[in-house]
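Chain and residue survey
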Amino acid sequence: GIDRLDLDLGPRSYPILVGDGLIERAGALLRDRLPARRAFVITDENVAPIHLNPLLKSLQAGGIEAPHLILKAGESTKCLAVLEEVLETLIAVRTERSTTLIALGGGVIGDLTGFAAAVLLRGVPFVQIPTTLLAQVDSSVGGKTGINSRTGKNLIGAFHQPRAVLADTHTLDTLPRRDLLAGYAEVVKTALIGDAPFFAWLEANGQALLDGDGAARRHAVLTSCATKARVVAADEREAGQRALLNLGHTFGHALEAEAGFDSGLRHGEAVAIGLVMAYDTSVRRGLCPPQAAERVRAHLKSVGLPTRPGDIPGIDWPGADDLARHVAFDKKVKDGRPTFVLARDIGDTFLSQDLTPADIETAFAG
Ligand code: NAD
Ligand code: ZN
């Protein structure tokens, strides 16, 4: 069966469909949602050999004409040079305002395609078909699109909501273990920001989910999307509470940028380390009981996620002072002060601008 959630944004509301085998049904599911039976599929070199043909066949059966473009895989694809190549290709094939871009892939393809859709012809529709756990539980929902600048993560971007999200949980079967785990970090994040029972559920069922339990996967994708849809519907442009979804990310983004976007470090791995830093910092500031931070660290460790930069092999990390200085490049800096998400407990988080440069450096020093 297919589970359906709706992200409620008035006339721009859209469905999030979760289930096995949605790619094979994409043509039928999408044909009446597109302004015209014309689409353009963007994917990457790892996803294409596995999932592109079934999608193209199903679109064709639905009467949707869809050429495609295959990009190099990896975080370094989220850059201006590749965006330029994508936009020039779309313009050269005479894309019209009613042509829908379809992102088939992980968060990299989704973020880049969504941003291309936001700026091409001042905005064309797009659809997300997320094929990683990270993209299914987080990046495909909510309309944040963008690319990295040389110095920082996601510094070039736009809010642009998709017309639909089709999360085919079957695609997770082909995802490499390292990427599956990285996506799991965002599931843990979603639980930590405001859903203590879900965190307890993950402590009991997370391992089964990672080992391939389909029902557990669907439950985690649905629960995470439901939280995200609720938060985004209440605060689409991140004027307030949506920023809680950045738990662990101010630390994590500094790690990603300093490691380099071609280092192989996964976004979700940086987030896992950032979650631990956020909880440890909250404990140091006397805001959170140490047992809560210990539960976070123990759970991430138990499934095999990194909890300190040194857990990632092959990266030569700069000192804590350089990492701390990098925080100044984050989008969340206001009046020169970075905004952090801190914790009072599992499932109880809040925004704070109170961390001092020394607090931040101590966090990176571990
Ligand atoms: P990714 O897109 O690089 O995918 C990870 C790897 O898995 C890639 O090598 C990809 O080719 C491969 N892959 C994808 N699907 C596969 C499948 N079904 N089978 C086999 N291989 C497959 O990375 P990601 O972890 O999905 O996304 C990370 C990106 O998402 C980061 O750039 C991050 O900033 C962004 N993000 C955005 C938001 C948002 O709200 N827009 C939220 C969270 C993260
Ligand atoms: Zn993230």
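Note that the structure is predicted; figures quoted are calculated from it, not measured.

The next subject is the nonpolar core. With 75 residues, the main nonpolar core has Ile 16, Leu 133, Tyr 184, Leu 192, Tyr 279 and Phe 364 as its most contacted residues. When residues of this core are assigned to domains, at least three map to each of domain 1 (3-174) and domain 2 (177-365). Beyond its immediate sequence surroundings of up to four residues, Tyr 184 is in contact with Leu 133, Leu 202, Gly 206, Leu 209, Leu 210, His 299, Val 303 and Leu 305. Ala 26, Leu 59, Ile 64 and Ile 129 belong to the second-largest nonpolar core, a separate cluster that totals 22 residues.

We now examine the coordination of the zinc ion (ligand 2). For the zinc ion (ligand 2), every protein donor is listed as Glu 186 (OE), His 249 (NE2) and His 267 (NE2), and the spread of their distances is 1.9 to 2.1 Å. All donors of the zinc ion (ligand 2) come from a single chain, and their spacing in sequence reads E-x62-H-x17-H. Residue Glu 186 is located in helix α6 (residues 177-194), and its partner His 249 is located in helix α9 (residues 249-259); the two are separated by 63 residues in the primary sequence. Grouping residues by exposure puts Glu 186 and His 249 together as buried.

The next point concerns the pattern of salt bridges. Tallying each qualifying case throughout the model produces 24 salt bridges. Across the pair Glu 269 and Arg 178 runs a salt bridge, and its minimum N-O distance is 2.6 Å. Within this pair, whereas Glu 269 is found in helix α10 (residues 267-284), its partner Arg 178 is found in helix α6, the two being separated by 91 residues in sequence. Looking at Glu 269, the relative accessible area reads 6%, which means it is buried. We classify Arg 178 as partly exposed; its relative accessible area is 36%. A single network of salt bridges, built from pairs that share partners, joins Glu 75, Lys 78, Asp 111, Lys 153 and Glu 256.

A separate point is the domain arrangement of the protein chain. Along its sequence, the protein chain is organised into domain 1 (3-174) and domain 2 (177-365). For domain 1 and domain 2, the distance between their C-alpha centres works out to 25 Å. Taken residue by residue, the interface counts 35 residues in domain 1 and 35 residues in domain 2. Between domain 1 and domain 2 lies a buried interface of about 3,100 Å² when both sides are counted; carbon and sulfur atoms form 66% of it. Put simply, domain 1 and domain 2 have 7 salt bridges between them. Inspection of the domain 1/domain 2 interface yields 12 residue pairs in polar contact (both at pLDDT 80 or more). Contributing elements (two or more residues each) for the side of domain 1 that touches domain 2: β1 (3-7), β2 (14-19) and α5 (133-139). In terms of residues, the side of domain 1 that touches domain 2 owes the most to one element, α5, which gives 5 residues. Partitioned by chemical class, the residues of the side of domain 1 that touches domain 2 number 13 nonpolar, 11 polar and 11 charged.

Parameters at a glance
- Residues numbered from 1 in each chain as written.
- Chains lettered and ligands numbered in written order.
- Predicted model: local features only at pLDDT ≥ 70, side-chain atom pairs only at ≥ 80, totals over all residues.
- Heavy atoms only, no water.
- Core = buried A, V, L, I, M, F, W, Y, C linked by side-chain atoms within 4.5 Å.
- Buried < 20%, exposed > 50% of the residue type's maximum accessible area, 1.4 Å probe, protein only.
- Domains from an automatic or database assignment.
- Contact = heavy atoms within 4.5 Å.
- Donors = N, O, S within 2.8 Å, 3.2 Å for Na, K, Ca; no water.
- Helix = DSSP H or I, 4+ residues; strand = E, 2+ residues; numbered from the N terminus.
- Salt bridge = Lys/Arg side-chain N within 4 Å of Asp/Glu carboxyl O.
- Buried area = accessible area lost by both parts, 1.4 Å probe.
- Polar contact = N/O pair within 3.5 Å; in protein donor to acceptor, adjacent residues only side chain to side chain.
- Nonpolar A, V, L, I, M, F, W, Y, C, P; charged D, E, K, R; others polar.

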